[in-house]
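Listed below, chain by chain, are the residues.
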Amino acid sequence: MRRYAMVDSLPVTVDSLTLSRRERDVSSGFTRVTTTVELSGDGCVGRGEDVCYGAEDHADYPRPDLTGEWEFDGLSDAISDADLWPSDPSQHHAPAFRQWAFESAALDLGLSQAEMTLAEALDTEPEPVRFVVSTRLDGFGRIESLLDANPDAEFKLDPTPEWDDALLGRLTDLDRVRVLDLKGLYEGTEVDTEPSAAFYERIVETFPDAIIEDPAVTGETMDVVERERDRVAWDYPITGVPSVQALPFEPSVLNIKPSRFGTVESLFDTLDLADRLDLQLYGGGQFELGVGRDHIQTLASVAYPDGPNDVAPSAYNDPEASRSLPRSPLDPPEGFGH
């Protein structure tokens, strides 16, 4: 059965909207700002988190009137029709991020009012969530501090052409690197990484078992990428079924970042497509500061619990690693409904 059909008729009563802003310094060297969207009704509260990266996007925040009695699908349409942008968004993914904040709050509210979890709504059993720790490296120190706090940690790393042989050797000796994000599809950001066949060859040969995420497919890199296609994962471009169908070749692995899909329907339909194509999935995060982290962990627990999920608890994003950090796998979370 189509996943969305299992929630589209869920009754949702909305009486009020509350907004709250969060901000925190994180390990990538910037101050993260998010907005928590709270929809209340019938004594219950549903929460979602707007993960737009531009701090300016969280100023003059919209307050659409969503009060009323709805079925979830109708409320989703009302959110789509609402004016959620008093000013232009700072990034092209931002409208989907905001839509997801309201949609996830609505789904959370509807499930809470029905006294139901997401797993129950989807007629499945939640499972413990394996997670990896995502971090950018400037030397080996960050890895050492994380391993001091969690000796069992596995990693998702962002390699750069500046990584020298000594660093590569130490990472290889660890045998803990599960995903390598080449950042080959970003443009005009601080994390852009220039693609080259030599750089890609060096990475895939050094880490023969790791997932290779978001390579740039160019005339120079095509041979390397196609040779490794069974472990190439796509993240940045994945926003729904059409985006999967538009990939340069049939995919094997997808990184699912729920906020990029905008709507619950788009996310669930993509999960259904992945099931039909027998794709390997893992989840990803957006430096969530609150309930958004709970949501991505919950979705992992019901759809891809065994993947190298980039959904580590938020403490892993602190600039300085704590003395002790949660270990993988996480107990099945209850981030939607109750």
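Here the structure is a predicted model, which is why all the values come from computation and not from measurement.

Describing the sheet that holds strand E12 (residues 280-283)
Note on sheets: strands pair through backbone hydrogen bonds, and any given pair is parallel or antiparallel.
So, point 1. Within the open sheet, the 7 strands sit side by side as E6-E7-E8-E9-E10-E11-E12. Their pairing is parallel. Edge strands, defined here as strands with exactly one partner in the open sheet, are strand E6 (133-135) and E12. Across the sheet, the mean angle from the axis of one strand to that of its neighbour is 25°, orientation sign disregarded.
So, point 2. Strand direction decides the pairing type here: strand E9 (residues 211-213) and strand E10 (residues 232-234), joined by 2 bridges, are parallel. Within E10, the position partnered with glutamate 213 by the bridge is alanine 233.
So, point 3. Along the sheet, helix H4 (residues 141-149) contacts E6 and strand E7 (155-157); its crossing angle with E7, the most-contacted strand, is approximately 165°.

Points about the sheet that holds strand E4 (residues 44-50)
So, point 1. Sheet architecture is open: 3 strands sit in the order E2-E3-E4, paired in antiparallel fashion. Strands at the two margins of the open sheet, each flanked by one partner only, are strand E2 (16-25) and E4. Strand-to-strand, the axes of this sheet are offset by a mean angle of 25°, without reference to chain direction.
So, point 2. With 7 bridges joining them, strand E3 (residues 31-41) and E4 adopt antiparallel strand pairing. Across the sheet, residue glycine 41 finds its bridge partner in E4, namely cysteine 44.
So, point 3. Sitting on the sheet, helix H2 (residues 94-113) touches E2, E3 and E4, and the angle it makes with E4 is about 160°.

About the cut-offs
Residues numbered from 1 in each chain as written. Predicted model: local features only at pLDDT ≥ 70, side-chain atom pairs only at ≥ 80, totals over all residues. Heavy atoms only, no water. Pairing = 2+ DSSP bridges. Helix = DSSP H or I, 4+ residues; strand = E, 2+ residues; numbered from the N terminus. Axes fitted to C-alpha atoms, helices over the stretch in contact; angles between N-to-C directions. Contact = heavy atoms within 4.5 Å.

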